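Residues per chain, in single letters:
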2 protein chains.
Amino acid sequence: MKTPSLPLLDRPEGMTTHDYAFARLRQAIMVGSFRPGTSVTIRGLAEALESSPTPVREALRQLTSIGALQFLENRRIVVPRITPARFEELISLRIALESHAARRAVAHLTERQIERISAIDDSIEDEILRGDQVAALIANQAFHRTIYTANPDQIVMPLIESVWLQLGPILGIAMEHVSELYVVDRHREAIDALRRRDEDAVADAIAADIREGIGGFDQQAVARLLKLAA
Amino acid sequence: MKTPSLPLLDRPEGMTTHDYAFARLRQAIMVGSFRPGTSVTIRGLAEALESSPTPVREALRQLTSIGALQFLENRRIVVPRITPARFEELISLRIALESHAARRAVAHLTERQIERISAIDDSIEDEILRGDQVAALIANQAFHRTIYTANPDQIVMPLIESVWLQLGPILGIAMEHVSELYVVDRHREAIDALRRRDEDAVADAIAADIREGIGGFDQQAVARLLKLAA
DNA sequence: AATCTCATTTTGTGATCACATTTTCGTAAA
DNA sequence: TTTACGAAAATGTGATCACAAAATGAGATT
C-alpha cells in the first residue's frame, strides 16, 4: 500500500497532531495531490506524518464528512471516483453556492478589502507566468475565499470548500494534462462589480468565472481526462 | 458535566460503534435535543453510549466538520450558539441550497416517487394532529430529502443536512415555546409543480415553504426565543 | 495459462493508559 | 460579601495493544 506523498505544510506551534494531520491531508486533496480512486491507510499516513493512528483516524473521519474521502463497506479508505455526471453536479453546485456567497458579501466589503482582492488577483497572474500551477490554484482559492468571508456571519464557506475538495482530485489530473487552466477569467469583471456594489453583476461574474474556468470542461473532456489518468 | 439525554436510535447489526455514536448524536442534534451553548464531554457521551472515548471522539470530530458542534480553543466541546444574524444566514442558505436541489431533481422523479412524496406529506399532517412535534419534524425532513435525492448523482444532500444540523438547536427551543410550527406549508403546491415538471414552480414552492416555515421567524422572534432559552 | 486454496500479512476497530491542561471548588484574605 | 489562591478532579490528547476482518501471495490443481 503506497501512501501518496503529502505536500509540506507549516505547523503552527500549539497545533494538535490531529489538527495538523487534518490540515495537511485536506490541503493535499484540495490542490490535487491525490488521484481519484487512490486508497490510503491509517498506518501509512501515520508514518508519513510521523505520528500514531489515533489522530490520523480522526482526521480521515472528518475528511469523509466533507466528501473528501470515502470509507467503503470493506473498510477501505479511498479518494472518491468522479464520473462526468458527478462532475457536472459539482460545477452547478459551485455556481449556486458561490454566487449566493458573493451576493451576500457585497454589502460588507470595504474599499481596502477590495484592493486586497485585486492584489490577490495580480498574484494569480504572477504564478501563472511563473508556471507554478499549484500556487496559482491556491491564490485563486484565496481570491474567492476573501470575497465570501467578508460577510462576518457567513456560514457558506465550509460548504464551498467541501465542493472544492471534491473537485480536487480531477483538478490534479487536469493540471497534469492541460497546460493552461486559466486562459479566461472574470476576476476583473467581478472586482469592478464589487466596486459598484452591484450584487447581480458580482454574482454573474463569479458564475461566469466558474462556468468558463474549470466548469468549461464538458462531459467528453472529463471522460477523456479520467481515461488518461486510469 | 451533565450529558444531554440522547433519543434512542436503532442500531443495525454490523454497524461499528463509531458509526452508531455518530448517527445517534447527529439525530439528536438535528431534532433539537441539544440547546445552543450546551457543552458535552467525550467521556460523558461514551458512558451514555456504553462505549469508550475513542469512537465517540471520532464521531464528535465528524460532527464539527459539518458545523453541528464546535471544539473551542479551551478544548471544550459545545453546541454552537445562534445569533439572529447567523439564523438569517442559515435560512437564506437553506433556500439557495434547497431550491437548487429541488430544481435538479425534477427531471428524475417518477410518478411513483411523487406518490410516495405525497404520502409522506400526509404523514406530516398525521403527526401534527397527534401532537408529536419531533415525528412531524422528521417526516418533514423526509419529505424534502426524498425529493432532493431523486437525483442519483446529487452531491448537495450532505450540505443541506449540515444546514439542518445547524438549525437543530434553535428548532428545539422553538418547539418548546411555539405550539404550531407548521401552520402554513407549501407542500401541496410543490407536489403539484413536480407533477407538472415545472422546475421554476418547484423551486419557488420550496423556497416559499422554507421562508414561511422556520424562516418566518424574524430577527426579533429569534432573539426572543434565545432569551427564553437562556 | 488460469483458477482455487490457505497461511501470512495488512488493516480498521475499539479499549486502555499516561500526560498535560483546564476546570472546579473549598478555604482564606480583603 | 467578594475576590484570590491552590489542591483535587475532570477532561482532551495521543500512543499502544489485542482482536477480527480483509487483502495478499505462494503453491497446488485443473
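Residues numbered from 1 in each chain as written. Chains lettered and ligands numbered in written order. Predicted model: local features only at pLDDT ≥ 70, side-chain atom pairs only at ≥ 80, totals over all residues. Heavy atoms only, no water.

Per an unreviewed UniProt entry, chain A goes by GntR family transcriptional regulator and derives from Ensifer oleiphilus.

Residues and elements named next belong to chain B. Overall, antiparallel pairing links the three strands, which are arranged β1-β3-β2 in an open sheet. The outermost strands of the open sheet, each flanked by one partner alone, are β1 (39-40) and β2 (70-71). Pairing of β1 with strand β3 (residues 77-78) involves two bridges; the strand directions are antiparallel. Opposite Val40, over in β3, you have Ile77 as the bridge partner. (Pairing = 2+ DSSP bridges. Helix = DSSP H or I, 4+ residues; strand = E, 2+ residues; numbered from the N terminus.)

Moving on to the sheet that holds strand β3 (residues 77-78) of chain A. Residues and elements named next belong to chain A. Taken in spatial order, the three strands of this open sheet run β1-β3-β2, and their pairing is antiparallel. Of all the strands in the sheet, the pair left with one neighbour each is β1 (39-40) and β2 (70-71). Here β2 pairs with β3 via two bridges, running antiparallel. If you follow Phe71 over to β3, its bridge partner there is Ile77.

In this structure's numbering, the residues bearing the UniProt feature "domain: HTH gntR-type" (unreviewed entry) are residues 15-82 of chain A. Counted over residues 15-82 of chain A, helix gives 50% and strand 9%. Its end C-alpha atoms are 33 Å apart. (UniProt positions renumbered as here; feature names shortened; annotations may be inferred.)

With that out of the way, let us pick up the relation of the copies chain B and chain A. Of the transformation placing chain B onto chain A, the axial shift is 0.0 Å and the rotation is 180°, giving an RMSD of 0.0 Å. Such values leave the two copies arranged in the relation of a two-fold axis. The overlap is high: 100% of the interface residues of chain B also sit at the interface in chain A, so the same surface is used on both sides. (Least-squares fit on C-alpha atoms with pLDDT ≥ 70 in both. Contact = heavy atoms within 4.5 Å.)

Bringing the packing of aromatic side chains into the picture now. Overall, the coordinates contain zero aromatic pairs over all chains when judged by the stated rule. If you follow Arg61 of chain A out to its NZ or CZ, it ends over the ring of Phe71 of chain A, 4.5 Å from the centre. (Phe/Tyr/Trp six-rings, centres within 6.5 Å; stacked < 30°, edge-to-face > 60°. Lys NZ or Arg CZ within 6 Å of the ring centre and 35° of its normal.)

Here we come to the domain arrangement of chain A. Residues and elements named next belong to chain A. With domains assigned, chain A is organised as domain 1 (17-78) and domain 2 (84-229). On the side of domain 2, 17 residues touch domain 1, which itself brings 12 residues to the contact. For the pair domain 1 and domain 2, the summed buried area comes to about 1200 Å², and 64% of that belongs to carbon and sulfur atoms. Broken down residue by residue, the surface that domain 1 buries against domain 2 is led by Met30, Val31 and Arg35, which jointly contribute 45%. At the surface where domain 1 touches domain 2, the tally comes to two salt bridges. Salt-bridge contacts for Arg35 lead to Glu176; the nearest nitrogen and oxygen are separated by 2.6 Å. Linking domain 1 with domain 2 are three residue pairs in polar contact (both at pLDDT 80 or more). A breakdown of the residues in the side of domain 1 that touches domain 2 according to their chemical character gives seven nonpolar, three polar and two charged. (Domains from an automatic or database assignment. Buried area = accessible area lost by both parts, 1.4 Å probe. Salt bridge = Lys/Arg side-chain N within 4 Å of Asp/Glu carboxyl O. Polar contact = N/O pair within 3.5 Å; in protein donor to acceptor, adjacent residues only side chain to side chain. Nonpolar A, V, L, I, M, F, W, Y, C, P; charged D, E, K, R; others polar.)

With that settled, the discussion passes to the side chain of Glu89 of chain B. By secondary structure assignment, the location of Glu89 of chain B is in helix α4 (residues 84-103). Reaching out from Glu89 of chain B, the side chain makes a polar contact with the side chain of Asn151 of chain A at a distance of 2.8 Å. With sequence-adjacent residues up to four places away left out, Glu89 of chain B is seen in contact with Arg104, Asn151, Asp153, Gln154 and Ile155 of chain A.

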